[in-house]
Amino acid sequence: MFRNHGIRWNKDVKAELEDKKRHVNDNMFIPDSKESPPLVSRLKAVAARNDVYFQFPSHNQGRAAPSSLSSIIGVQPFIYDFTTFPAVDNLFAPKGPILDAQKEAAKLFGAKETWFLVGGTTCGIQASILATCSPGDTLIIQRQAHKSAFSGLVLSGAIPKYINTEFDFDWDIPYGITPSQATLSSFHAWQVEKAIKELDAEGKKASAVFITSPTYNGICSNLEDISDLCHSRNIPLTVDEAHGAHLRFHRSSSHLSALHQGADISIQSTHKVLGSLTQSSMLHLSGKIVDRERISQCLQTLQTTSPNYLLLASLDAARAQISEQPQSIFNKPFELAMEAKALVEAIPGITVFNSSTSEANPLRLTVGVWKLGLSGFEANEILTKDYGLISEVTGTRSILFVVNLETSKDDIVRLVSGLKHLSETHISIQVDDIHPLTETNPSMRLSPRGAFFASKKKVRFEESIGEVCGELICPFPPGIPLLVPGEVITEEVLSYLLKLKNKGGFVIGVADSTLSSIVACGNPIVDFSGEL
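Residues numbered from 1 in each chain as written. Predicted model: local features only at pLDDT ≥ 70, side-chain atom pairs only at ≥ 80, totals over all residues. Heavy atoms only, no water.

*Asks:* How would you explain the sheet that holds strand 12 (residues 393–394) if you had to name every residue and give the values?
*Replies:* The strands making up a sheet associate through backbone hydrogen bonding, with each pair oriented either parallel or antiparallel. One open sheet accounts for 4 strands, arranged 10-11-13-12; its pairing is antiparallel. Edge positions in the sheet fall to strand 10 (351–352) and strand 12, since each has one partner strand and no second. Here strand 11 (residues 364–368) pairs with strand 13 (residues 398–402) via 5 bridges, running antiparallel. Note on strand 13: the bridge partner recorded for T366 is L400. Relative to strand 13, helix 14 (residues 376–387) is tilted by about 50°, and along the sheet it contacts strand 12 and strand 13. (Pairing = 2+ DSSP bridges. Helix = DSSP H or I, 4+ residues; strand = E, 2+ residues; numbered from the N terminus. Contact = heavy atoms within 4.5 Å. Axes fitted to C-alpha atoms, helices over the stretch in contact; angles between N-to-C directions.)

Here's what the structure looks like:
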């Protein structure tokens, strides 16, 4: 009886799996190329086999997929959602298709070695800091870095030596120059050199330099000068290139890529501009200064032991897509972006950000609306509600729009129409402005790690001036902290924060989202990192 039942069951299952196999082969598209993406191809082959899985994940290749989700996205994603096992390789000890995919990516991006990341560029930034800095070491870093860099300081125990990124106060974005510097790029190199010399005078040496280029708004630094300066002292240069994975693939911007300019580590958000799934990124290593084993160890410490193979495959697929036409795939987006800028600049009361002192990412369109009497938050709300236009970032005085690979001319027409509507309905309104924050480098009483482990207390928002901040207070996006744990809370920062919130800004990192209170470091103030 058992045998007969078993035979019937096996026939049913075989029929089901054969049907699934046909479905997989018929519906999974792999682009024509000389060489199919190795990991994508492997997932397709494994999914088409008549295997029975007594392993995770428990949705069992979609058979037990939650209907509320599968009714939206179908069963297909579940079919390729494997756990780590030999047939699909292992992210932390790759020997097969993952290794091949990472090697292909390194070749395309000009790296010595490339690692796939399933924890986003955040994970890569943290790993890069851990790999180059030990507790008590000094990291030269821009104060306007992404919040993940500050969590990297907490994890590593490194002490930040901040370099002052100037601000453009018309736009309220990190930019600007000082009168004694000719360009923003030379300003950054000068600031790095100044920081190195100040450390020399104290008998210290920087363990690494960390630079963000391009910025969220697209401003690029002259990394070549900074790289030469760092390497003359055997200091590794790490670049948060989250917004610049595409720069290498257009003739007008290829010279701006971090690896091209000599960076030792570049971390890129492949999902932002190259078409992989959200949360997937790459870390590229170049040169001989940074220990690749330490990078690998740090990534194994920080990344999940259950990486999502759809994310990994999307990185492989995005790489393959770019490889098909690496020098021309961004021609259309670049042309559309330039056309959009020209059309928007002609709208009364609307200003378009154009960098006159440094090169910039052409695919970023930063639109100023302060002359219309609107904050970026207010203007964005109107554009979303009336025109269905979804921006990337809203600021106090501007909105950032991103031109992507499949942005169309119709999309640009719709954007221009929406901005014309703003101009026509708000041009005569008196400006009710949020004054840009002039205090961009608050005083540091504790290292980020020291503040993280210090005792904490809640203080009423209006009574927190002079206290040492115990939490990371960060408008998001773009994710650049106003206050980092260990910095002194000032009246100007509180005033700016309150106006930001009242205008519709969104703040993360705070325990109290209403901003009625702030978490501060308790007394006595003791830096557990040992040295400040």
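*Asks:* Provide a residue-level description of helix 13 (residues 331–345), including the pertinent values.
*Replies:* Think of an α-helix as turning once every 3.6 residues; residues three or four places apart then point the same way. Here helix 13 spans 22 Å end to end across 15 residues, near enough to the 21 Å set by a 1.5 Å rise per residue. Next to the buried residues of helix 13 lie strand 10, strand 11 and helix 15 (409–426). (Expected span 1.5 Å × (residues − 1).)

*Asks:* Can you lay out unusual backbone geometry for me, pointing to particular residues and giving the numbers?
*Replies:* The step from F56 to P57 runs through a cis peptide bond, and the omega angle for that step is -5°. Inspection of the secondary structure assignment puts P57 in the loop between helix 2 (38–47) and helix 3 (67–73). A cis amide bond links S213 to the next residue, P214, at an omega of 0°. Tracing the backbone shows P214 in the loop between strand 6 (206–212) and helix 9 (223–231). Its identity is not glycine, yet D89 carries a phi of approximately 75°, on the positive side. Mapping D89 onto the fold places it in the loop between helix 4 (76–79) and helix 5 (97–109). The exposure class of D89 is buried, given its relative accessible area of 7%. (Buried < 20%, exposed > 50% of the residue type's maximum accessible area, 1.4 Å probe, protein only.)

*Asks:* I'd like a rundown of a nonpolar patch on the surface, residues and numbers included.
*Replies:* A contiguous nonpolar patch, built from L69, I72 and I73 and spanning about 290 Å² of accessible area, is present on the exposed surface. Mapped onto the fold, L69 is located in helix 3. Given a relative accessible area of 37%, L69 falls into the partly exposed group. (Patch = residues over 30% accessible without salt bridge, like charges linked within 9 Å, V, L, I, M, F, W, Y side chains within 5 Å. Areas by Shrake-Rupley, 256 points an atom, 1.4 Å probe, with all protein chains shown as cover. Salt bridge = Lys/Arg side-chain N within 4 Å of Asp/Glu carboxyl O.)

*Asks:* An account of the packing of aromatic side chains is requested, with residue identities and associated values reported.
*Replies:* Going through the model one piece at a time under the given rule, you end up with 9 aromatic pairs. Between the aromatic rings of Y53 and F82, the centroid separation amounts to 6.0 Å while the plane-to-plane angle is 55°, which identifies the pairing as tilted. Of the two residues, Y53 sits in the loop between helix 2 and helix 3 while F82 sits in the loop between helix 4 and helix 5, which places them 29 residues apart along the sequence. Across the pair, exposure class does not vary: Y53 and F82 are buried alike. Seen in terms of ring centroids, F109 and F249 are 5.4 Å apart; in terms of plane orientation they differ by 75°. Their pairing is edge-to-face. Taken together, the residues F109 in helix 5 and F249 in the loop between strand 7 (237–240) and strand 8 (265–268) connect sequence positions 140 residues apart. Residue F109 shares its accessibility class with F249, and that shared class is buried. (Phe/Tyr/Trp six-rings, centres within 6.5 Å; stacked < 30°, edge-to-face > 60°.)

*Asks:* Tell me about the packing of helix 14 against helix 15, residues and numbers included.
*Replies:* Running from N to C, helix 14 and helix 15 cross one another at 120°; their axes reach a closest spacing of 10 Å. Considered as vectors, helix 14 and helix 15 are oriented oblique to each other. Where helix 14 crosses over helix 15, the two elements pack in a sense that is right-handed. Counting all contacts with helix 14, which are made through A379, I382, L383, D386 and Y387, the residues of helix 15 involved are R414, S417, G418, L419, H421, L422 and H426. Among the residues making up the contact of helix 14 with helix 15, the classes are represented as 6 nonpolar, 4 polar and 2 charged. (Parallel < 35°, antiparallel > 145°, perpendicular 65-115°, else oblique. Left-handed = near helix turned anticlockwise from the far one by under 90°. Nonpolar A, V, L, I, M, F, W, Y, C, P; charged D, E, K, R; others polar.)

*Asks:* How would you summarise the packing of helix 6 (residues 120–132) against helix 11 (residues 292–302) if you had to cite specific residues and measurements?
*Replies:* At a closest axis distance of 9 Å, the pairing of helix 6 and helix 11 adopts a crossing angle of 130°. Overall, the two elements helix 6 and helix 11 adopt an arrangement that is oblique. Both helix 6 and helix 11 take part in a crossing whose hand is right-handed. Contact with helix 6, carried on its side by C123, Q126, A127, S128, L130 and A131, involves R294, I295, C298, L299 and L302 of helix 11 and no other residues of that element. Within the contact of helix 6 with helix 11, the residues separate by chemical class into 8 nonpolar, 2 polar and 1 charged.

Without other data, these values stay purely geometric and don't point to any function.
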